[in-house]
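Architecture at a glance
Residues per chain, in single letters:
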Amino acid sequence: MTKIAILGSGRVATTLASKLFAAGHEVAIGTRDPSGTADKWHGPAIAIATPADVAAAAEVIVNATPGDTSVERLGELRDVLAGKILIDIANATARGENGMPGGLLYPETSLAEELQKMLPDTKVVKTLNTMLFTVMVDPGSLRAPATAFLSGDHADAKERVREWLVDLGWKGEQIEDLGGLGPA
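Overview of the structure. (Residues numbered from 1 in each chain as written. Predicted model: local features only at pLDDT ≥ 70, side-chain atom pairs only at ≥ 80, totals over all residues. Heavy atoms only, no water.)

**A short note on the nonpolar core**
- Formed by 33 residues in total, the largest nonpolar core has its most connected members in Ile6, Leu16, Leu128, Trp164, Leu165, Leu168 and Trp170.
- When contributions to this core are tallied by element, the ones reaching two or more residues are strand 1 (3–7), helix 1 (11–22), strand 2 (26–30), strand 4 (60–63), strand 5 (85–88), helix 7 (133–136), strand 9 (148–152) and helix 8 (155–167).
- Residues contacting Trp164, with those up to four places away along its chain left out, are Ile4, Leu16, Leu20, Val62, Ile87, Thr127 and Leu128.
- Judged by nonpolar contacts, the second largest core, of 20 residues, contains Ala5, Leu74, Ala90 and Ala112. (Core = buried A, V, L, I, M, F, W, Y, C linked by side-chain atoms within 4.5 Å. Buried < 20%, exposed > 50% of the residue type's maximum accessible area, 1.4 Å probe, protein only. Helix = DSSP H or I, 4+ residues; strand = E, 2+ residues; numbered from the N terminus. Contact = heavy atoms within 4.5 Å.)

**Observations concerning the pairing of strand 8 (residues 123–127)**
- The element strand 8 is largely enclosed, with a buried count of 4 among its 5 residues.
- Of the pairings in the sheet, the one linking strand 5 to strand 8 comprises 4 bridges and is parallel in character. Across the sheet, Asp88 pairs through a bridge with Lys126, a residue of strand 8.
- Looking at chain direction, strand 8 and strand 9 are connected through 3 bridges and run antiparallel. Along strand 9, the bridge assignment pairs Thr127 with Leu150. (Pairing = 2+ DSSP bridges.)

Spelled out as structure tokens, the structure:
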């Protein structure tokens, strides 16, 4: 069992929280509106608190915040995240005029690389950002086997994330390690 804090309270965060809880992890959701999120929550009995509070109590943190604000939001948690694993599943895209995702905010690097720069004492691992949230937690729902890509500069952190992916239903052969954060 791992203590996991999921930062964010949207569809991705709540779907992951339920699946990880069912896999036997201690899960908490960190949100800017804990009472409002708790009032709407219909999932398992998990803690819902501020991002700082849930991150302080966790071993592993999942970034499920909007990618266009992730660097700023997580930068505020620099001290709390030091020494921990941060799993980045967000995509940093500009918001288009119609509210849909636009171009990449970091076309020469990646959100994960920007987070690693902002959080030098945190082990950032990028995964699951190339698929719908429903596939993240149920890779067997597709007709053909899916692949979960994994990248990060810390081998020990990537191994922990690999175990976490298996808990979500990914088989070892479906997880492809791309090396360092460069391919993120």
